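Letter by letter, the chains look like this.
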Amino acid sequence: MYKETEIAIVRGMTKLIGLIGRNIAYTLSPPMHNTMFRTMGLDYVYVPLPVEPEHLKDAIAGIKALNFVGVNVTIPYKEEVIPLLDWISDDARDIGAVNTVKVEDDSTLSGYNTDVYGFLQSVKEELNFVPQDKRILVIGAGGAGRAIATGCVKEGAKRVVLVDIISEKLENLKKDLLSLSPTTEIVGYLPNETEKIETELSNIDLVANATPIGMNPQDKPPIPLNSLNKQAVVFDAIYAVKETATMRSARLAGCSAAINGIGMLVHQGAKGFELWTGKKPDTKLMRKVVESHIYENQNLLE
Ligand code: NAP
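Rules used in this analysis
Residues numbered from 1 in each chain as written. Predicted model: local features only at pLDDT ≥ 70, side-chain atom pairs only at ≥ 80, totals over all residues. Heavy atoms only, no water. Helix = DSSP H or I, 4+ residues; strand = E, 2+ residues; numbered from the N terminus. Rg over C-alpha atoms; globule rule 2.2 N^0.38 Å. Buried < 20%, exposed > 50% of the residue type's maximum accessible area, 1.4 Å probe, protein only. Areas by Shrake-Rupley, 256 points an atom, 1.4 Å probe, with all protein chains shown as cover. Lys, Arg positive; Asp, Glu negative; His and termini not counted. Charge placed at Lys NZ, Arg CZ, Asp CG, Glu CD. Near = heavy atom within 4 Å. Polar contact = N/O pair within 3.5 Å; in protein donor to acceptor, adjacent residues only side chain to side chain. Nonpolar A, V, L, I, M, F, W, Y, C, P; charged D, E, K, R; others polar. Arc of directions from axis to C-beta. Contact = heavy atoms within 4.5 Å. Phe/Tyr/Trp six-rings, centres within 6.5 Å; stacked < 30°, edge-to-face > 60°. Lys NZ or Arg CZ within 6 Å of the ring centre and 35° of its normal.

Visitor: Summarise the overall build of the protein; cite the residues concerned and give the values.
Guide: Of regular secondary structure, the protein possesses 10 helices and 12 strands. The C-alpha atoms of the protein give a radius of gyration of 19 Å, which matches the 19 Å a tight globule of 302 residues would have. If one aligns the C-alpha atoms of the protein with their principal axes, the spans along those axes are about 60 × 40 × 30 Å. Out of the 302 residues belonging to the protein, those deemed buried represent 52%. Put simply, the protein shows about 14,500 Å² of open surface, and 51% of that area lies on carbon and sulfur atoms. For the protein, the distance from the average site of its 32 positive side-chain charges to the average site of its 38 negative ones is 4 Å.

Visitor: Summarise the site of the ligand; cite the residues concerned and give the values.
Guide: The local shell around the ligand holds 23 residues, among which Ala144, Asp164, Lys169, Ala237 and Gly261 are the closest. A distance of 2.9 Å separates a nitrogen atom of the ligand from a polar atom in the backbone of Gly261. Protein contacts shield 76% of the accessible area of the ligand, which totals 910 Å² for the unbound molecule. Tallied by class, the residues present in the shell around the ligand amount to 16 nonpolar, five polar and two charged.

Visitor: Describe helix 7 (residues 194-201), with residues and values.
Guide: Among all positions of helix 7, only Ile197, Glu200 and Leu201 are buried. The buried residues of helix 7 occupy an angular sector of 100 degrees when the element is viewed end-on, so they sit on one face. Seen from the open side of helix 7, the exposed residues pointing more than 90 degrees away from its buried face are Glu195 and Thr199. Lining the buried residues of helix 7 we find strand 7 (135-139), strand 8 (159-163), strand 9 (185-189) and strand 10 (206-209).

Visitor: Could you give me a rundown of the packing of aromatic side chains, with the residues and numbers involved?
Guide: Taken as a whole, this structure holds five aromatic pairs when the rule is applied. Arranged with centres 5.2 Å apart and planes meeting at 25 degrees, the rings of Phe37 and Tyr44 form a pair that is stacked. Assigned by exposure class, Phe37 and Tyr44 land together as buried. Pairing Tyr46 with Trp276 gives two aromatic rings, centres 6.2 Å apart and planes at 55 degrees, and the pair type is tilted. Here Tyr46, found in strand 2 (residues 44-50), pairs with Trp276, found in helix 9 (residues 262-277); they are 230 residues apart in sequence, far enough to count as distant. Comparing Tyr46 with Trp276, the two get one shared label, buried. What links up through ring pairs into an aromatic cluster is the set Phe37, Tyr44 and Phe273. Its guanidinium or amino end placed over the ring of Tyr44, Lys15 lies 5.3 Å from that ring's centre, counting from NZ or CZ. Just above the ring of Tyr117 sits the side chain of Lys271; from NZ or CZ to the centre is 4.5 Å.

These figures capture arrangement, not role.
Okay, here's the thing in structure tokens:
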């Protein structure tokens, strides 16, 4: 397993990148990026920047004033940051959320959403799955669910089935997805519409859990997966445990492959790294860093 042995040396010329969010004490992004800067000999440092809501505007102005190269933006500011930026990418506009900001040479701020790329790259690499012409069921219509469902629709999915406990969230996401593709079938269910969900599951190609449910060994998956088609593959956005309740349930239902969200986390980070530095990082090493923090330093999960 990968071990961290060196300490980054910050010099007068070192370039700054950070993470703006709330409750970010256990973020894995600093070790992931700093290890790559060190191993690639790049003079950058990645630092946590906890920000309270009333200071978000000042914080974003501050990254410009302090000559940051860029920042990641996380919960709860991924949507709120958009009006503070000068330009956003198509993915960021379609999802309505930004997770990566780049300070351009002329000091304007560009916003990107690299979660879509992270998800698509992870399922392609680990499950050999591409959404085109496929049926996908996404549980959770929050931040991660929006990114996953949007990515699937934009990649030409045949049918996207959404499940969330709040009908307003379902309807809003359905409306946004329909405006992106008139050809993908989009339906939404509440978790208690069990018969309809069972029918969908028996015919599905990929199930994605985008709720935080399933981190504890005694947890049940957010929806029962007994009727899951055995040829289906399963993705869980949760990255803090090796096998989530959804993955375990899928395995017990005889499903062929199930992965957690580490790959998505790594690839969304790798895309940001590339936007900031112009260099492609070694995603296998990034993954080792993340795994060593999650699986060896269990205090990260407290
Ligand atoms: P979020 O915005 O709170 O979205 C979760 C959604 O799921 C909410 O709409 C929630 O409703 C809904 N939900 C809760 N229980 C449900 C159930 N039983 N059935 C259906 N829907 C249910 O959270 P998020 O930011 O999207 O994060 C979700 C998970 O993805 C977290 O575990 C997070 O760590 C992970 N994540 C991973 C990555 C990665 O790179 N791997 C990236 C982003 C997020 P309520 O609001 O009513 O609870």
